[in-house]
Amino acid sequence: MADRSVLISGGAGGLGRAVSAAFVAAGWRVVVPVRPGAAGDGPGTPDGVLRIPAELSDPEQVRAAVELAGGDAGAPLRAVVNLAGGYAMGGLVHETPIADFEEMLARNLRPTYLVTRSALPYLVEAGGGSVVCVSSRAALRPFPGAAGYVTAKAAVLAFAAAVDVEYRQSGVRCNTVVPSIIDTPANRAAQPSADHSRWVPPAEIAGVIRFLASDESAPTSGATIPVYGRA
C-alpha cells in the first residue's frame, strides 16, 4: 500500500506518462487530473494511476481534484508536480495579438498557480512536501516568435521562487526543472528533420522530478535545474 500521494497535472501527456510511471514504480499513490470526458485510461497510461476529471483552468475543479488527492489519510499528499502547459509559435511582439499572448499565460502559468495554491495547505498539514514546477530553457534563452510562451515560462520560475520563500520554513520545498526539447512524438512530428538523439527522453526528466519529490532531495529548495540532454 502506498503511504504518500502525488498530484501530477499534465500527467496524461508525453512527459506526464513517464513521470506518472516513475512515481508508480517508486510506490506512490498517483493522482492525475484529466480533461472532463477523457477520464478513462489513455494509451500508455501506467497501471496504478488514479485519473480524475478536472479542468485545470477552473479554480473550483482544481480545488476538488486536490481535495481528492489529499483525502487519503493513509497516503497524505506529499508532492505536487506541475506539468500542465502548452506551446504556440507566433510572430514578433508587435505582431502578436494580446489574446494570443494571454493564452500562453493561461495555459502555462494559471494551472501551476491554481494547483499549487490548492495543494499547499495539504502539504503543510502533512508535515511538509515538495512542489516541482516545469519551466523551459526558452525562459532563460529566449528565441524569436514566442514572446508569450517565453514570458509564461519565466513567470513559472518566478512563481516557484515565491513559493520557496513563503513555505520553506513550513517544510514545503519548491524546485523547477528546465527542459530543452523533450523527445516526445508530438515534438518529433513538429520537427521531423531534427537530430532527435540530442533531445532529452521523458524518462530521464521523470527521474529528476521523482528525485526532487523524494526525501533524498530534502536539502534542495529554490533550485532551477537544467535537463537539456545534448540539445
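Rules used in this analysis
- The written sequence of each chain sets the order in which its residues are numbered from 1.
- Under the rules for a predicted model, residues below a pLDDT of 70 receive no local features and side-chain atom pairs below 80 are neither given nor counted, while totals for whole chains, interfaces and linings still include all residues.
- Heavy atoms throughout the structure, all of them, feed into the side-chain values; hydrogens and water do not.
- Interaxial angles span 0 to 180 degrees and are taken between N-to-C directions of axes, which are lines fitted to C-alpha atoms, for helices over the stretch in contact.
- The way it works is that DSSP assigns letters per residue, a run of H or I at least four long becomes a helix, a run of E at least two long becomes a strand, and they are numbered from the N terminus.
- Crossing handedness: left-handed means the near helix sits turned counterclockwise from the far one by under a right angle, and right-handed means the same turn made clockwise.
- Note on contacts: a residue pair qualifies if any of its non-hydrogen atoms lie within 4.5 Å across the two residues.
- By the convention adopted, Pro, Cys, Tyr, Trp, Phe, Met, Ile, Leu, Val and Ala count as nonpolar, Lys, Arg, Asp and Glu as charged, and the other residues, Gly among them, as polar.
- Residues qualify for a patch when their relative accessible area is over 30% and they have no salt bridge, like charges being joined within 9 Å and the nonpolar side chains of Val, Leu, Ile, Met, Phe, Trp and Tyr within 5 Å.
- In this description, accessible areas are obtained by the Shrake-Rupley approach with a 1.4 Å probe, and a residue is regarded as covered only by the protein chains that are shown.
- Each salt bridge in this description consists of a side-chain nitrogen of Lys or Arg and a carboxyl oxygen of Asp or Glu lying within 4 Å of one another.
- Burial here depends on accessible area, computed with a 1.4 Å probe over protein chains only, as a share of the maximum for the residue type. Under 20% is buried, over 50% is exposed, and the range in between is partly exposed.

Draft legend 1. Examining the packing of helix 3 (residues 98-108) against helix 5 (residues 147-167) more closely. It is the contact of helix 3 with helix 5, at a shortest axis distance of 8 Å, that shows an interaxial angle of 35 degrees. Helix 3 and helix 5 meet at a crossing whose hand is right-handed. Across the interface between the two elements, F101, M104, L105 and N108 from helix 3 touch A147, G148, Y149, T151, A152, K153 and V156 from helix 5. Here the contact of helix 3 with helix 5 is composed, by residue class, of 7 nonpolar, 3 polar and 1 charged.

Draft legend 2. Spotlight on a nonpolar patch on the surface. A cluster of nonpolar side chains, contributed by Y87, M89 and F143, occupies part of the molecular surface with about 300 Å² of accessible area. Turning to its location among the elements, F143 is positioned in the loop between strand 5 (129-134) and helix 5.

Draft legend 3. Up close: the environment of G229. Following the sequence through the fold, G229 ends up in the segment after strand 7 (224-227). Remark: the alpha-carbon pair of G229 and E204, spanning 25 residues in sequence, is separated by 8.8 Å. Not counting the four nearest positions on each side in its chain, G229 is found in contact with R198 and V200.

Draft legend 4. Region of the structure containing the environment of G148. Looking at the element boundaries, G148 is found in helix 5. Residue G148 is classed as buried on the basis of its relative accessible area, which comes to 8%. Along the primary structure G148 and F101 are separated by 47 residues, whereas in three dimensions their C-alpha atoms are 4.5 Å apart. Not counting residues up to four positions away in its chain, the partners in contact with G148 are F101 and M104.

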